Amino acid sequence: MLNIKKLTGSILFLLTAHISMAQQISPVDFVNPLIGTESKYELSNGNTYPAIARPWGMNFWTPQTGNMGDGWVYTYTADKIKGFKQTHQPSPWNNDYGQFSIMPVTGNPEFDQEKRASWFSHKAEVAKPYYYSVYLADHDVSTELSPTQRAAIFQFTFPKTDSAYVVIDAFDKGSYIKVIPEENKIIGYSTKNSGGVPDNFKNYFVITFDRPFSYKAGVKSGAIKIGELEIQDNHAGAIVGFPSLKRGDQVIARIASSFISFEQAELNLKEVKSKTFQQVVDEGKAQWNEILGRVQVEDLNVDKLRTFYSCLYRSTLFPRDFSEIDATGKRIHYSPYNGQVLPGEMFTDTGFWDTFRSLFPLLNLLYPAMNDRMQEGLVNAYKESGYLPEWASPGHRASMIGNNSASIVADALITDRKGYDKNLLWEALKHGANNAYPKHSSTGRFGYEYYNKLGYIPADVKVDQNVARSLEYAYNDWCIYEFGKALGKPEAETAIYAKRAMNYKNLFDPSTKLMRGKKTDGSFVLDFDPSAWSREYTEGNAWHWSFCVFHDPQGLIELMGGNKSFVTMLDTVFVIPSYEGMKSRSMIHEMREMQVMNMGQYAHGNQPIQHMPYLYNYAAEPWKSQYWVRKIMDKLYLPTPDGYCGDEDNGQTSAWYVFSSLGFYPVSPGTGEYVIGSPQFDKVTLKLENGKTVNIQAQHQGQDQVYVNQLSLNGKPYTKNFIRYADLTQGANLAFKMSNVPNKNRGIEKEDAPYSFSNESQVTSSKRKSLSKQK
């Protein structure tokens, strides 16, 4: 006979032991930096590389499996490692700058990247945010590395050999290297970059070893020059060797770099100069645990914990801190905009087209002090270039569209960021909205003349992606309006932006209920196929872009014919077969990623539609948001090398998951609201910088328990489909009761819907009419 009481006790014991074990594991232990690395040009499962770094560090390090200059620097399916590379790459599409590599070898002193390469296995590889190690089988060498903000320490464990070498590769496109034997030191610089740098750009580096050199050679364009210790060439390098080593002997290399000078690189070397390898490792682990520990998740699903903390790690890498600390302790930076060394903050390597959506709102909630610094960096970028960046790497890059710096600046102000010149940013926003950057179309507003005159960019004036640009400019105008209003700017300055915020209506086609390209004469383009990835849109089609009215979903609902019609349009996105539109242009990876996910026209692997599942909350059917958000999390995010469903993009796709798993998401940055979804964890505690905590509990949540049956805020029933930033930062208790059936009576009243500008405009208009009557 089954002893139920004994069985129950055993289960409780196992659960208690499991929870106790999970509590002993620190947050960083759940992180897998290899998630997303099983990618290639044709199909992105993240397009990431293992970024071994400190949070927002100036320098990252990564094992290099790709060839020099290859944007796919590390791919999970590779067999060989060719070096360990200092990298500043934000994505393979923008590629890298400030790069060089180091590689231990035995046998012959080989410089050629193919000849020095070694087989490796993931079974003999350890990847943590703060530490990386791997066994290089062909050389019988174990390599370990641990970074700081601007430096790193390497530990090479050699076999018994009299032919142990370390190769330093300063890469091509102009480099310099000098071996200084009397100091066990190598210095050099690399100028290799993919654009976005001034003419005087250099990445200066210094490397010191804990052993003297028995072999010394420079390398000039692949030719090894024994005894030639200083090389300046298109492709410079060096090889140093060490005297007879016993098996297990270790060689320590300490490395630092600077964008300012060799002298500054020496100052940056102090981050590791007097520390042991283990000290650097321990400090890195502690720093990551402090950052990741801002969110404490309690749940029995270890895979989801791995996914969550890996996404949070990716959300705290970019934008990188581009500043350095001078000899007097002051913060300075090399300007990637004008080439000067100037005081103050600078951050880079982020595309606002991606990261305005959820990455920067996440910083404002969990890491506000960092965004205080980033906003000062934006002030400096404007001073140094005349424009706010839209895609910086490290300076202005010709990538993507939009004027979404307006969103970054507005959301920061709405969430109380401090310590920078907001009035100068007001001037920067107005300038960017009414000017185009002269060197390329991605900074400022390309096509602004048409947009300002007609209220949209026509499809017949040789401005590509015209529908996408027009829609983003309308949201950006709303951001500028809200920013100016919050600063107390006069209506004479702000009113034009409030008016332009409604420009999205000019491209709405009532016959299809979608956003459609329009010619200069006001007629819509012919031969319209909503599923076609055509030149009017950016990396998408009409189904993706027609819902990009972040600031005014209510206005869009009215255009589409009311709640029921709007919901039908949302439903349709998931119904139209994913193969529709695949032959509308030459295949790009974003198209393939949408197709293979089998979710209709929903393309989570690209940013424009990522907010769309939350829009049911505006149309009185919030349970559909809950269903789709949870399905997306469960299906498209995994703790595996193929764990993303498209480009990870500087933390944006990761931040979407972080927010969504908590149970809410910032559909419209700048409103100070988060729209309710479906929390994925049993219990989460947010430790805010102001000392307050947010406790989130999701009772009964599970694989099928995705619907919000009840929600309470601070012990009181809460029916709204959004939660305010201000409510959370005062300290809050959010208690969800989940169910496997939707509650169709919750969140259905008009006042339950999140913010829409049309509602604000109607209130403002009513107040004006009332005041007019009183007068």
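It should be emphasised that the depicted structure is a prediction, and the values quoted were computed from it without experimental measurement.

Caption draft 1: How the structure looks around the confidence of the model for the protein. Averaged over all residues, the pLDDT of the protein equals 95, while 95% of them reach at least 70. Within the model, the stretch residues 1-22 combines pLDDT values under 50 with 5 contacts to residues more than four positions away or in other chains. Note that residues 766-775 has pLDDT below 50 and, in this model, 1 contact with residues that lie over four places away or in other chains.

Caption draft 2: Highlighting unusual backbone geometry. Backbone torsion omega between Phe318 and Pro319 reads -5 degrees, so that peptide bond is classified as cis. Looking at the secondary structure, you find Pro319 in the loop between α6 (302-314) and β20 (320-321). In this structure, Phe171 takes a positive phi of about 70 degrees despite not being glycine. Considering the arrangement of structural elements, one finds Phe171 in the loop between β10 (164-169) and β11 (175-180). The backbone of Ser221 sits at a positive phi, close to 50 degrees, despite the residue not being glycine.

Caption draft 3: Fine view of the environment of Leu317. Considering the arrangement of structural elements, one finds Leu317 in the loop between α6 and β20. Linking Leu317 and Phe60, residues 257 residues apart in sequence, is a C-alpha distance of 9.1 Å.

Caption draft 4: The layout of surface pockets, seen in detail. Looking at the largest pocket, its volume works out to about 580 Å³. Along the wall of the largest pocket there are 31 residues; nearest its centre are Trp93, Met400, Glu539, His589 and Glu590. If you list the elements that add at least two residues to the lining of the largest pocket, you get α7 (352-355) and α18 (589-597). Among the residues making up the lining of the largest pocket, the classes are represented as 10 nonpolar, 12 polar and 9 charged.

Caption draft 5: Expanded view of the sheet that holds strand β21 (residues 323-325). The 3 strands are arranged β21-β22-β23 in an open sheet whose pairing can be described as antiparallel. Of all strands in the sheet, those bounded by a partner on one side alone are β21 and β23 (341-343). Averaged over all pairs of adjacent strands, the angle between their axes in this sheet comes to 40 degrees, without regard to strand direction. Examined bridge by bridge, strand β22 (residues 331-334) and β23 share 3 bridges and lie antiparallel to one another. Across the sheet, the residue bridging to His333 is Leu342, located in β23.

Caption draft 6: Structural context of the side chain of Asn380. Along the chain, Asn380 turns up in helix α9 (residues 368-385). Engagement of the side chain of Asn380 in a polar contact is seen with the backbone oxygen of Glu345, the distance being 2.8 Å. Discounting residues that sit within four places of it in the chain, Asn380 has contacts with His333, Pro343, Gly344, Glu345 and Met346.

Caption draft 7: Seen up close, the packing of aromatic side chains. In total, this model carries 57 aromatic pairs according to the counting rule given. With 3.6 Å between their ring centres and 5 degrees between their planes, Phe574 and Trp628 make a pair best called stacked. Of this pair, Phe574 sits in helix α17 (residues 563-575) while Trp628 is found in helix α19 (residues 622-636), placing the two residues 54 residues apart along the sequence. In this structure Phe574 comes out as buried when scored by relative accessible area, which is 10%. The class of Trp628 is buried, set by a relative accessible area of 16%. Here a set of aromatic residues connected by ring pairs shows up, and it is made of Tyr614, Tyr637, Tyr644, Trp656, Tyr657, Phe659, Phe664, Tyr665 and Tyr674.

Caption draft 8: Fine view of the sheet that holds strand β14 (residues 215-220). Here 7 strands make up an open sheet; going across it, the order is β1-β3-β4-β10-β17-β14-β15 and the pairing antiparallel. At either margin of the open sheet sits one strand with a lone partner, and together these are β1 (60-64) and β15 (223-226). Going from strand to strand, the sheet's axes swing by 20 degrees on average, the running direction of each strand aside.

Rules of the game
Residues numbered from 1 in each chain as written. Predicted model: local features only at pLDDT ≥ 70, side-chain atom pairs only at ≥ 80, totals over all residues. Heavy atoms only, no water. pLDDT = per-residue confidence, 0-100. Contact = heavy atoms within 4.5 Å. Helix = DSSP H or I, 4+ residues; strand = E, 2+ residues; numbered from the N terminus. 1 Å grid on protein atoms, 1.4 Å probe; cavity = no way out; pocket = protein on both sides within 12 Å on 5 of 7 lines; lining within 4 Å. Points joined across faces, edges and corners; volume = space filled by probe spheres on them. Nonpolar A, V, L, I, M, F, W, Y, C, P; charged D, E, K, R; others polar. Pairing = 2+ DSSP bridges. Axes fitted to C-alpha atoms, helices over the stretch in contact; angles between N-to-C directions. Polar contact = N/O pair within 3.5 Å; in protein donor to acceptor, adjacent residues only side chain to side chain. Phe/Tyr/Trp six-rings, centres within 6.5 Å; stacked < 30°, edge-to-face > 60°. Buried < 20%, exposed > 50% of the residue type's maximum accessible area, 1.4 Å probe, protein only.

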